[in-house]
Amino acid sequence: MNFTERRKQVFDKMDQDSALLLFSGIELHVSADEYLPFEANRNFFYLTGLAEIT
């Protein structure tokens, strides 16, 4: 996967001096005290290749 080329394509479409905010995802609740493992939003992964934010 070529994440660098994907980012370049997105940035080329953006106006100069603009910003891009990406939603990385949220932890999903199973119950009041239990969470599912974090999984990055697919759009965030598509551009960055990061599967997990630490």
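Scroll up to find the structure this text is about.
Here's a quick rundown of the structure. Everything quoted here is computed from the prediction, not taken from an experiment.

Reading the values: rules and limits
Residues numbered from 1 in each chain as written. Predicted model: local features only at pLDDT ≥ 70, side-chain atom pairs only at ≥ 80, totals over all residues. Heavy atoms only, no water. Helix = DSSP H or I, 4+ residues; strand = E, 2+ residues; numbered from the N terminus. Buried < 20%, exposed > 50% of the residue type's maximum accessible area, 1.4 Å probe, protein only. Contact = heavy atoms within 4.5 Å. Areas by Shrake-Rupley, 256 points an atom, 1.4 Å probe, with all protein chains shown as cover. Polar contact = N/O pair within 3.5 Å; in protein donor to acceptor, adjacent residues only side chain to side chain. Salt bridge = Lys/Arg side-chain N within 4 Å of Asp/Glu carboxyl O.

### A look at the overall build of the protein chain
When helices and strands are tallied, the protein chain shows 2 helices and 2 strands. Traced from its N-terminal end to its C-terminal end, the protein chain shows the element sequence α-β-β-α. Looking at the protein chain as a whole, 11% of its 54 residues are labelled buried. Here the analysis covers contacts within the protein chain between residues at least 6 apart in sequence; of these, 30% occur between residues at least 24 apart. About 4900 Å² of surface is accessible on the protein chain, with carbon and sulfur atoms providing 53% of the total.

### With respect to the environment of Ser18
Relative to the elements of secondary structure, Ser18 occurs in the loop between helix H1 (3-13) and strand S1 (29-31). The class for Ser18 is partly exposed, based on a relative accessible area of 38%. Among the polar contacts listed, one links the side chain of Ser18 to the backbone oxygen of Asp15, at a separation of 2.5 Å.

### Some details on the pattern of salt bridges
Pairing between side chains of opposite charge can happen when the charged atoms of each approach one another. Tallied over the full model, the rule gives 1 salt bridge. A salt bridge links Lys8 to Asp12; the shortest N-O distance between them is 2.9 Å. Here Lys8 pairs with Asp12, and both are found in helix H1, just 4 residues apart, close to one helical turn. Judged by relative accessible area, Asp12 falls into the exposed class, the value being 54%.

Take it as geometry only, folks, not as evidence of what the structure does.
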